Structure formats: C-alpha cells, structure tokens
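Each chain, written out:
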Amino acid sequence: MFAMENYHRATDLNDAVRALAAHPEARVLAGGTDVLIRLREGDGAFAHLVDINGLDELRQIDMDTSGTIRIGALATCTRIIEHEIIRSHLPVIAASLATIGGPQIRNIATMGGNICNGAVSADSACALLILDTELVIQGPAGERTVPILGFHTGPGRTILRRDEILKYFLFRPGQYRGIGAAYCKYAMRSAMDIATIGCGAALRMEGDIITSLKLAFTVAAPTPVRCPRTEEAAAGRRLDEETLALLAGIVEDDVQPRTSWRAERDFRMHIIRTLVQRVTREAANQQGGN
Amino acid sequence: MQQLPITLRINGRAYSMDVDVRTSLLELLRGLGFTSVKEGCGVGECGACTVLVDGVAVDSCLYLAVWADKRAIRTVEGECADGRLSPVQEAYIEEGAVQCGFCTPGLVMTTTSFLEQRENTPLTREEIARGHAGNLCRCTGYQTIIRAVQRAADKQRRSGRR
Amino acid sequence: MSVGTAVIRKDARAKVTGKARYTDDQSMAGMLVARYVRSPVAHGLVREIDTSAALALPGVEAVFTYEHVPTTLFATAGHPYSLDPDHRDVADRLLLTGHVRYQGDEVAIVVARDELTAKRAAALVRVEYDELPVCTTPEAALAHGAPAIHEGGNILERTELTFGPPVAEAMEAADLQLDGHYNTPVVLHCHLENHTAFAYMDDNDHIVIVSSTQIPHICRRIVGQALDMEWSRIRVIKPHIGGGFGNKQDVVLEPMVAFLTLQLGGVPVRITLDREECLVATRTRHSQQVTVRAGLKRDGTITGIEMDITSNTGAYASHGHSIPMAAGSKFRHLYPRTAIRFTATTHYANIPAAGAMRAYGSPQLFFGLECLLDDAARSLGVDPVELRLHNVARAGEITTPDGGTRYAVAIARCLEQGRDAIGWQRKKKELQNQDGPVRRGLGVAAFSYGSGTYPACVEIAGCRLVLNQDGSVHMQIGATEIGQGSDTALAQMAARTLGIDYDRIHVVSQQDTDVTPFDTGAYASRQTYVAAPAVHEAAERLRQKILAACSGLTGTPARELELAEGRIIRAGEPAEEIMSLGELALSEYYHKERGGQLVAEVSAKTVTNAPSFGCTFVDLAVDIELCQVTIHKIINVHDAGRIIHPLSAAGQVHGGMAMAIGMALFEELLIDPAGGRICNGNLLDYKVPTCTDIPELDCAFVEEPDPTSPYGNKSLGEPPIISPAPAIRNGILDATGVAINELPMTPKLLFREFRKAGLLPG
C-alpha cells in the first residue's frame, strides 16, 4: 500500500490542471517510476496525487507536414525508442532513453516524467538540449511553449508552476536535420543505474570542418547544461585530435561538477574531458544517419 | 481511502472488484493468490515482481492496481496450460537456469514478453542481456538464463508457437 | 545411474510455474505484522522513548521497546552448539537495545494489523539519543581511548596460527621478501528474497516459527536460548528459500517473532524486512585489511608466508572471529610445503554487523595472498602460472587427521587446464609491449577451501528413507535446500545406492525441526559432503531391509537378491525378476500378520574435511581513459571431486563467479566514517551486477573422486567466489602495470591509481 492521502484520477488534461489548481499540495503522477518510489519512502510531499497516467491524449508521437515532430509527455520510453519516426529522425532520443533503467522501467516511465522531476541526471536531458527541443506546457490559463534550455532551474526544480502540466515535446526540422548526434551515459553499471556523467553532442560538418557543435552534460552542474564556450570554440575547426584536445580543456569552464559520495569532482571532470572527445567523435560517425 | 471499481483479466479469467487506490498491482495479485509475483525490492530495481500487462513487462510493485482496469494481466501461473509448460519454462529447466527460484517467475515473464516481441529474429547475447537487465538474479550469474532464452527462442522458431 | 547426470531438479517445475511456496506465500488469518523502529544515529544511548503516538494509531496492537525485552544476551551465529564453553559464539545481542551501535540498530518494534499502519506507527515512535563518538574503521575502533562499543572493549579476539617449520627461518632462506597491504570492502549478500519470518502458537507451550533460514535446527536452539525456553518447545519450519549466501546462516528475525507471538497470546506475527532494511540490518561480508609477507627463492619456491588480518565485524559479533580463523586454517592446503604464520584480529565498529557470506573470509584472504604472489612473480621474472604450479599441493600431500587416508588433490591439473583454455602462452606473447588507451591483460589466481567445518565444529547429518506403498521412497533430510540443489544431489545419491529410479525418490524439501532428522544446515560448503554418508548409509540399510523382506516373503536367500531400477531380481544369467518394489511394499504394509513400514534412518557424524581447490583465469581489457575494465573471457576450473549433477555444479560456479565479479568491480557498502551514515543502502546505489554487467562465464571440472566421500564429492557451493577477484586484479596489473590493492576496482579507484601511476594526467 502506498501512503497516499488523496488521489484524483484525471479524466482529461483540463481536469488534471483544474485538480492541481484546486489542491495546492497535489503532485502529478505519470508513469509512477519516480513518484511511487518517493511515496514508498514515506515522502509526504507526494501523498496528494493527480493521476494523469490514463490520459491517452498525451501519448501521441507524430510528425506534421513541416517536419516538426511531436512526442507526448506521457509516451513511454519504450514506445518512443521503438517508434519509426524516432528511429528515422531522432535516433539520439531513442539512444538516450534506451539507457534508462531496465526494460520494465522503460515500459512505463515517460519522457515527460524524466524531465519534469528535475533530475540532474535525466538521461533524456542531453539529447533534448542538443536538439533545442521546445516544450509545450498547459496551465489553467492556457498553453505556453518554452525552450528546454532554461527549463531546469536547480536540482529537482524546473520552471513548471505547480498547476502546470507538460503536454508534449516539439522537435523542429531545422534542429534535427543534417546533424550527427550521440549520447553517452557514463555509469557504474551498464543498466539500472543513474549517470555519473551524461554527455550528448550534435554536430554539423562540412567535409571535416565542424560548422556547429552542440554539447550538453548531465550531473556536471546543478542542472543539465549546454556548453557555450566549448561550442563556440569548436565552430570552424577541423575535427581532429588537436581540436578534441582543445575542447577537452575548454569544457572545464562550462561545467561545475561536484563531489558527492557517488563520485569526486576530479573524477567527474576527467570523465567529462574524456567524453567531450569520444562523444563528439561518435556524433561525427553518426552524421548522415538521418 | 477511496475505492475504485476495476475489471481485468488475469491469466485469461475475468475479475471485477473494488480496489483501494493505494494498492499496487503486486499486492492485488498476491492477495488473489498469484504468489509467483514476488516482492524483492518494492522500487523497480530487481524485477522479481514482473508481470505482463497487455503483453508488456512491468514491475508490478510500481504499478497501481487501478491502472490494470480493462487490461489483461499474465503471471507465470498462467503460462503452464493444462499441465504443459511453456517453451520458456521448459528452457529454464533444461538449461539449469533455476536455483533458489525467487527471481524465476519474474524472469520467465520477462523472457516471455521479450521473445513474443522478437519472433523469428536472431538474438545476440547483448540483446538478450539488455532485454533482461531489469531482473536481478544472484544465483546464476545470468549465464544459464541467457542460454535458456536462446533455447526458448529456438523452440519457438521450431514449433512456430507463440 | 543418476549420480553424475543432469537429471531434472526436484524443485524446478514448482519454481517455473510459481507453485513453490516461500515463507511470505503462506498467510494465516489474523496475522499481524511487525516493524522495527531503527536508530538514525550510528552510536548512542537512548535518552527518551515515547510510544504513545504510535499506540494511539488505530490498527496498532502493541509497541515494545528495549525496556520490555529479556535481558539475557544471546549469540546469533549459525554455528552448531559447542560442548566447550570457550568455543561458543559471543553472546552480545538483545532483542532490542537502548545502546545503538550502527545506523539502523533496533530500539523498538511496533505490531499492527497491516503493513502501512505498522510503517506509520514506527515513524511515530519518538526517540531521543545521547550520541556517542562513532568508529567505523579499524584505525578508529582500535585507537587508544576509542569509545567501547561493547562492554569489554572493541577487540573481539586476536589469535595466531602456525603451520610447518618456523617462519622466521623460512624467510631467512628466501632470496626475495615482499610484502603487500590489501583492503576489502563491506559486501552485501543481496539474495532476492529478503529476510522474513512469522511465528504463532497452536498450544500454550510451543512456538512455531516459519522462516527463510538456512539453519532450522540451529535456529531452534538459538531462539530457545534467547527466550530462555526449552529448545524442544520451539519448532522451526523452513519452506522454499529465495537465496541466503550465508546471510540466513544467522538468526536474525526468529527470536523476535517468537517473542512477539508469546507476548500477544499466540496470534501469528510476521516480520518481513523491506529491501533497504535487509541490506543493512541483517549481516554483511567483513571488510578486512590483509597484510601479507612472503619469502621466495629465485626459482619461485615460496618458503614462507606471514599473514595478518584485521577483520571488521561491525556492531555485533555474529560469526565474528570465526571468519578470519576459518579462512586462515583453509588456505594452507594450497601451498602445503610453505611455512605459515597467520595472525588475525577481529574488532567491533559502528557499522552493520558482519556475518557469514559465501566462502567465509576466504575471498578476502586470497585477494591478499594471490595478489602478492603475482607481484612476487613479476619481481622474480617468473610466469605467475608456473610460480603457482611450482608451489601448489600435490597428490598424496594432504591426509585425514588420523593420517589414514589421502585426500584427492588435483589443483595442478586445474591450473594447466585453465592455462590452456585461456590461451595463456600464446596471448602472453601477443600482448607484449602494448601502449594506447585500451590495453589487454591476463590474470590468474588459485584457492583452497574445505568441505565443512570439522574439526572446528561438529559435522552431523541425518537422513530418513521411507518405502511408500507404491514402491517409491520418501526422503527426509536435515540438509536444507537453499537453491544450491542439495535436494536433487542427495536424491541422486539415494537412488543410486538403493537401486531405484531418481524419479521414484520424493524429497520432503521442507525442514520441520519437530520431524526432520537433525542436520545443522546449509553453510560451509558442507551440505552434500556431510549429508552423503547419512544418505548412503540410510539407503544401504533400506536396501537391505527390502531384500530381507523379499527373502522372507519368497524364501529366496537375501544374498541372492538385488534391487535394480525399482525391481527385485535374483542375480544370475539370466537375472530373474522376483517382484516389483511396489508389490513388495503393498505386502509389507498390508499383510495382516507379517511385515511393516520399511524405514531406514541414519544420523552420521563426519570426521573428515576434504580440501577442495580451483583457480580462475581471465582475459580482460582496460580502457585507461574511461577507467573501465571489460572481461573478454573468464574461466573457473575446479577440483571438487566427483560432480554429482553437472548442470547444478556449473550453476554454482557461474553464480559464485558473478558474485566475485561484483566484489571485484562493483560492490561496496559505503559508510561515512565521520558519522557512520550509510550512503548506499538500497539496490539503486549498491551496485549488484545486472545481466549486462556479467560476461560469458566458463567453467570446467577436474574430477578426481575423493576417497572420504561415498560418492567421491567435495565442496563446490562457496569456492567459486574466491579466486576471480584476485585474478581480475592480476589481469589489470598485467595490462597496465598498475597494482590495485583494494576492492572494488571501480572506475573511481582506477582513476586514482592510474593517476598516481602517471597513466592519467593529474
């Protein structure tokens, strides 16, 4: 038995938003792989729940004629990973979600939940950041669209107001077409783990010259981050060992990993420097894949 | 606490009841006598409580019972029809993949779903391992489990049976 | 011929169909549930405890605190009772305590009608502590002036063992003396079934306990001691058990559930630990510091070994000093021509209590020893396999205590077979002069172990065989099936000696101390070795009773009769079938004047202890930049005597290897030395390897039947976990030139060591 105090099963998105607005203590329950664990741990902050698990309107995965891809916040990781549109156009999203938990978790966990819980280690965050994904959010007063960059505001915190619900993710063709992208989750186990460091890179090349690099890290700062200094330094350079070594040096200015019992700062920084090189290289190998 | 009416099928049989919304699917199933569904951690880390919901493997400890409304649940009890073991169950026995047996029901269900979704596709060791990464086993080192999955896949290919 | 073949396990069908009932799968109407109130501080005295809010919660039946429990200290280790008071386990436990000694210690317990209420009530018990200084490490616990964790101080015991000639002279005679210091972490068992037990009374005098235990008969005695009741008034029932690995060779919940039912008028009361409790509030593997000094001649002969172990037993003694002592007495068989001096100190600390875990101290000891020998081989320029081959035990060198029988010894052949399987010589040449960020390496390590605890403890086993009306046989054994396959192996043995089909032996898998023949349980890799004589003798006696009965019925002299494949035949050419076993049984049961139920029961003590041996070979790659190790190939080769059930034997080896890989590369319980806070007491943060983390596991057996077992077998359950960790460490050394002297060899540790060695900038 989960120690719930209140439970509201939302009938649709508006009902869910209304319920959140009406109950100041209420939190959203989506796939449950985070919230139910906290509830079991006795975290009273999750005792009042608005359950949106049954809202099929938030599960769509589609592409419009302009090429904009939409992924509903409640689409499960497995469904996204296996979806033809995602495999063809957003393979780095599929690759990132495939590193989450194990099969059973991916079968119920949602990409919306992965982002909305504000986790610094969210496996989808790097891919969303390097694709400059947009988030469509529903609140009592209507809808708003925000970029993923800036969505996270601190450990466990996002810009979501407590009566807002993430509806879907938007991927614009200008962001995902013509890039090579890769994600590496560095963790202590190959599955069922949280990232020690996560790194994503999206690369545009002309010949062997980098025209643009987008680089993101998780667990490297209080929120998932992009690396503006490294990205700027990469533009216009030849992709070679020398450039990669240069980027590995610059990236230190873009991140602030910390020491915890899980890993020390020095170690995380070493992994960050190593991954900048390896993931950028891997992104280049992926180019032309879509 | 609030009760909600649900109707569901468990191993092909229909059930209707009111459930306390705080109940997990794990608790619901065990309470109905499906004690093959084991709680090893309660937080989705071990997979011992894996059941299939509409063919999809989930950790029943992290699944509200009310979510099972209008769905079909499968547990390992239902995989043995008329005293005949499923190819997956047979393969687990034949490869020696059963030791203490506590993780076995969950693993058998994971394998069942894994193979149903990959009929007649060749399987690498890595794919099998990734497909079973959500089930911890402390007895076998997974070696015989991976062999059992391969053997069950061979059986299914040969018999054409799902 | 059932022995030596992979017959279908007795419990396999029940387990794949979900029919196998474990402790929690049995419920009783009106069963109450209990939950401990645990200390958030690692060391302190309860100043004040207030249970009123918990008691006021609807659904709460009772709350007991440390002030309500018996004041008799008891010991929890699952050892047989000892007639020698000096050899008994340390009694340092109460059911609940007002002096908490680790984060998670038990100060009170609530009993409620359902789990949610119990959980809420436990949180409502308000406890205030006067905190005491915390010692988590040997340095802190053994420091002058350290706070006493138990009366009598923090040193539990300190002892010395010597074998062979004087070590000082042996060291003098060496060309090279080398020493090393090795650290092993706190490791957790992580059996999939958490600890669980319930108890009830069905009359006024007896308590029935159903428990997930490896040691039902020992459990009965300890509960009797803890509650000061006659042992015969406690009845322990062991159903199917979801793994133990030593953690259930300890009495953890049973005295408490017995106490609670006694207090509550005999109603059934259950305690099921949740995963987080089970990880930190049961038992762990001892963290040890191992210091080894070895003397070697230029040709690789090891002249002497001096070893000193400091073993951290945590908050309570549990198996305590037995752990280093058992390992210290077993390793000498590997290098029997070497002079050995072994010293060990066991101490308390404010961390979870350590107890028995698979291979009982040997993984820690051999990590030190086998790492040092590789370092020595490098210093001497001797091949590490050759160095071991030169020193390991040879056939005939190890005898029974009376000197009358030579145990089988085949370790050299194990090393040769493993060397060939891994392609040692060829790969060694290929792998010379590597550079670059990813480097390959080969590693080897060997071990020796025992088959049981004799002469340290009594080795007793019991078997009862009953001929059924249909000619099948029911077998009752005190030996406990804990997943290792002992029911199956013992049924194979009985079938073979009796001369009936394996399928005609029905094993009563559940032990019930009121009816099951006495056996102390599953531990020390003893079960098939120690139960074999009882099974053999009982089967032989039943066979003779059957033949005698047939002789009485038919007039044919018993000496002319044989039992084969369930039929009684008259020997000769051609053999003549006299009758089926079923026909004989019906007559024996139901003839109005003669016959009776044919039963044979034997209780046998084993006074031998066959050494078993083996080794690991590994081929691995180290990604220096990513600080990651990838195992390409790993093989264990075992000298475990005759293999009874090849599939189960391989299963034991795989499981041990995987657990060892966990210990080598992933697993450690992290405890903040400042305050004793446990950082990773859950399955997300304590890294049990998943399916994706374990490579293909190979194993092989060199089958040299041991003369001290009627079936030639010796131990195999625990040994596979001993040698993989040092082999992996030696492989990393071979690949990178960096000697890692600490476990687990996680990326974090490799980063530190590679940086120190200049392989990484920093």
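Per chain, residues are indexed from 1 in the order of the written sequence. Chains carry letters and ligands carry numbers; both start at the beginning, A for chains and 1 for ligands, and go up in the order they are written. Residue-level local features of this predicted model are given only where pLDDT is at least 70; pairs of side-chain atoms are given and counted only at 80 or more, and the full residue set underlies all totals for whole chains, interfaces and linings.

Right, let's talk about the interface of chain B and chain A for a bit. Here, residues touch in the contact sense if the C-beta positions derived from the backbone fall within 7 Å of one another. Contacts between the two partners involve 25 residues from chain B and, on the opposite side, 19 residues from chain A. In terms of residue count, strand β4 (residues 56–59) of chain B provides more of the side of chain B that touches chain A than any other element does, four residues in total. Residues belonging to the side of chain B that touches chain A are distributed by class as follows: ten nonpolar, ten polar and five charged. Helix and strand assignments come from DSSP, with helices taken as H or I runs of at least 4 residues and strands as E runs of at least 2, each series counted from the N terminus. Side-chain classes follow a simple rule in which Ala, Val, Leu, Ile, Met, Phe, Trp, Tyr, Cys and Pro form the nonpolar group, Asp, Glu, Lys and Arg form the charged group, and the remainder, Gly included, forms the polar group.

All names here are of chain C. Here the bond from Tyr454 into Pro455 is cis, since omega is 5°, no more than 30 degrees from zero. In this fold, Pro455 is placed in the loop between β16 (438–449) and β17 (460–467). In this structure, Pro574 follows Glu573 across a cis peptide bond, with omega equal to -5°. Take Pro574: it is sitting in the loop between β22 (567–570) and β23 (576–580).

For the rest of this paragraph, the subject is the pairing of strand β13 (residues 287–296) of chain C. All names here are of chain C. Here the C-beta atoms are placed from the backbone, and a residue counts as buried if at least 20 other C-beta atoms lie within 10 Å of its own, exposed if 12 or fewer do, and partly exposed otherwise. With eight of ten residues buried, β13 lies mostly within the body of the structure. Two strands pair when backbone bridges link them, and strand β8 (residues 176–184) and β13 are joined in this way by nine bridges, in the antiparallel orientation. Within β13, the position partnered with Leu176 by the bridge is Leu296. Pairing analysis gives ten bridges linking β13 to strand β14 (residues 302–314), with the strands arranged antiparallel. Across the sheet, residue Gly295 finds its bridge partner in β14, namely Gly304. A pair of strands is considered paired only if DSSP assigns at least 2 bridges between the two. Hairpin connection, β13 to β14: the antiparallel pair is bridged by five residues, and Gly300 has positive phi, about 100°.

This part takes up the domain arrangement of chain C. All names here are of chain C. Taken domain by domain, chain C comprises domain 1 (12–22 + 30–132 + 195–272), domain 2 (287–453 + 608–756) and domain 3 (460–605). The centre of domain 2, based on its C-alpha atoms, is set 39 Å off from the matching centre of domain 3. Counting residues at the interface gives 21 residues for domain 2 and 16 residues for domain 3. Split by residue class, the side of domain 2 that touches domain 3 holds nine nonpolar, ten polar and two charged. The source of the domain bounds is an automatic or database domain assignment.

This next bit is on the interface of chain B and chain C. Contacts between the two partners involve 38 residues from chain B and, on the opposite side, 44 residues from chain C. Mapped onto the side of chain B that touches chain C, the elements with two or more residues apiece are α2 (87–94), α3 (104–116), α4 (125–131) and α5 (143–159) of chain B. Class assignment for the residues of the side of chain B that touches chain C results in 19 nonpolar, 15 polar and four charged.

Right, let's talk about the nonpolar core for a bit. Only buried residues count toward a nonpolar core: Ala, Val, Leu, Ile, Met, Phe, Trp, Tyr and Cys, linked into one set through C-beta atoms within 7 Å. Within the largest apolar cluster, 407 residues are counted, with the highest numbers of intra-cluster contacts made by Ile52 and Ala201 of chain A together with Val110, Ile209, Val257, Ile411 and Ala494 of chain C. Those residues within four positions of Ile209 of chain C in sequence are excluded, and the remaining contacts are Ala197, Ala199, Val223, Ile234, Arg235, Val236, Ile237, Glu254, Val257 and Ala258 of chain C.

All names here are of chain B. Spatially, the five strands line up as an open sheet ordered β2-β1-β5-β3-β4, and their pairing is mixed. Among the strands making up the open sheet, the edge pair consists of β2 (13–20) and β4. On average, adjacent strands in this sheet sit at an angle of 40° to one another, irrespective of strand direction. Seen against the sheet, α3 touches β3 (50–53), β4 and β5 (72–74) and runs at an angle of roughly 35° to β3. Throughout, an axis means a line fitted to C-alpha atoms (over the contacting stretch in the case of helices), and angles, computed between N-to-C directions, take values from 0 to 180 degrees.

Bringing helix α11 (residues 384–391) of chain C into the picture now. Helical geometry: 3.6 residues make up each α-helical turn, so side chains three or four residues apart lie on a common side. All names here are of chain C. What α11 keeps buried is the set Pro384, Val385, Leu387, Arg388 and Asn391. Here the buried residues of α11 occupy an arc of 160° about the axis, which is enough to place them on one side. The elements touched by buried residues of α11 are β14, α10 (362–380), α12 (411–422), α13 (424–430), β16 and α18 (724–736). To be clear, the arc concerns the directions from the helix axis to the C-beta atoms.

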